[in-house]
Amino acid sequence: MDCKTFTQLWTNSKDDLLPAEAQQHLEHCAECQKKVDCYFKTLALLKAQPQIENIDAKMEFAVMSRIENAEKAAAKRHSFRRKVWIGAAAACVAALIVNAFLFNSDRMEQRENQAIVEMIGDVCSSTNGSFATQTDHDDLEAMEYFMNNIEE
């Protein structure tokens, strides 16, 4: 008989009654003897432990404490996630505000440049100058043209 077969017979036996073949294997196999001895020592230690009174209430308390602690940990985890999302949302809003400011200041600069070009165009046309506002010139090119071609 091999150790695997012995272990199966031993774990399936009732009241530790083993067939004669399993008994012979146990007498000759040191490894299986060690398993059986360890089992009986462990069983003796467990039987020697004092009985716990009111185990149901203690078990319920332990389980409920574990559940409450899990809920608190989950709440902390959700709180941290909420803070991260709030921080991310605040960063997005700040980025939008900065972009809006930059876009608005760029548009204001374009309006100011356009107003200057129109003013220069009005001055030139009233003096019968050769300069006229053209839409195909960039604002700075128009100002440069005016500065180069103005006659006093």
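Predicted model, so just to flag it, every value in this text is computed and none were measured.

Enquirer: Give a detailed account of the overall build of the protein, specifying residues and quantitative values.
Expert: From N to C terminus, the protein includes 5 helices and 0 strands. Along the chain direction, N to C, the helices and strands of the protein fall in the order α-α-α-α-α. Out of the 152 residues in the protein, the part that is buried amounts to 14%. Relative to all contacts within the protein whose residues are 6 or more apart in sequence, the contacts with residues 24 or more apart total 34%. Summing over all exposed atoms, the protein offers an accessible surface of approximately 13,100 Å²; the carbon and sulfur share of this is 58%.

Enquirer: Account for the nonpolar core, with residues named and values stated.
Expert: Formed by F6, W10, L18, A22, L26, C29, C32 and V36, the largest nonpolar core amounts to 8 residues. If you list the elements that add at least two residues to this core, you get α1 (3–12), α2 (20–28) and α3 (30–48). Ignoring anything within four residues of it in the chain, the contact list for A22 reads M1, F6 and L9.

Enquirer: Provide a residue-level description of the packing of aromatic side chains, including the pertinent values.
Expert: Throughout the structure, instances matching the rule amount to 3 aromatic pairs. On the basis of an interplanar angle of 85° and a centroid distance of 5.3 Å, the ring pair of W10 and Y39 is categorised as edge-to-face. Highlighted residues: W10 in helix α1 and Y39 in helix α3, separated in sequence by 29 residues. Relative accessible area serves as the criterion here: at 13%, W10 is assigned to the buried category. Between the aromatic rings of Y39 and F40, the centroid separation amounts to 5.2 Å while the plane-to-plane angle is 65°, which identifies the pairing as edge-to-face. A network of ring pairs unites the aromatic residues F6, W10, Y39 and F40 as a single cluster.

Enquirer: Any details on the state of the cysteines? Residues and values, ideally.
Expert: By the definition in use, this model includes 0 disulfides. Here C29 stays unpaired: no disulfide links it, and the sulfur of C3, its closest cysteine neighbor, is 3.5 Å away.

Enquirer: Got a sec to walk through the environment of V36? Specific residues and values, please.
Expert: In this structure, V36 sits in helix α3. The class of V36 is buried, set by a relative accessible area of 8%. Once you skip the residues sitting within four places of it in the chain, V36 turns out to touch F6, W10 and L26.

Enquirer: Which residues make up the side chain of H25, and what are the values?
Expert: Checked against the element boundaries, H25 lands in helix α2. Of note is the side chain of H25, whose polar atom sits 3.1 Å from the backbone oxygen of M1. The contact partners of H25, leaving out residues within four places of it in the chain, are M1, D2, C3, F6 and C32.

Rules used in this analysis
- Residues numbered from 1 in each chain as written.
- Predicted model: local features only at pLDDT ≥ 70, side-chain atom pairs only at ≥ 80, totals over all residues.
- Heavy atoms only, no water.
- Helix = DSSP H or I, 4+ residues; strand = E, 2+ residues; numbered from the N terminus.
- Buried < 20%, exposed > 50% of the residue type's maximum accessible area, 1.4 Å probe, protein only.
- Contact = heavy atoms within 4.5 Å.
- Areas by Shrake-Rupley, 256 points an atom, 1.4 Å probe, with all protein chains shown as cover.
- Core = buried A, V, L, I, M, F, W, Y, C linked by side-chain atoms within 4.5 Å.
- Phe/Tyr/Trp six-rings, centres within 6.5 Å; stacked < 30°, edge-to-face > 60°.
- Disulfide = S-S within 2.5 Å.
- Polar contact = N/O pair within 3.5 Å; in protein donor to acceptor, adjacent residues only side chain to side chain.

It is worth stressing that arrangement in space is one thing and function is another; only the former is reported here.
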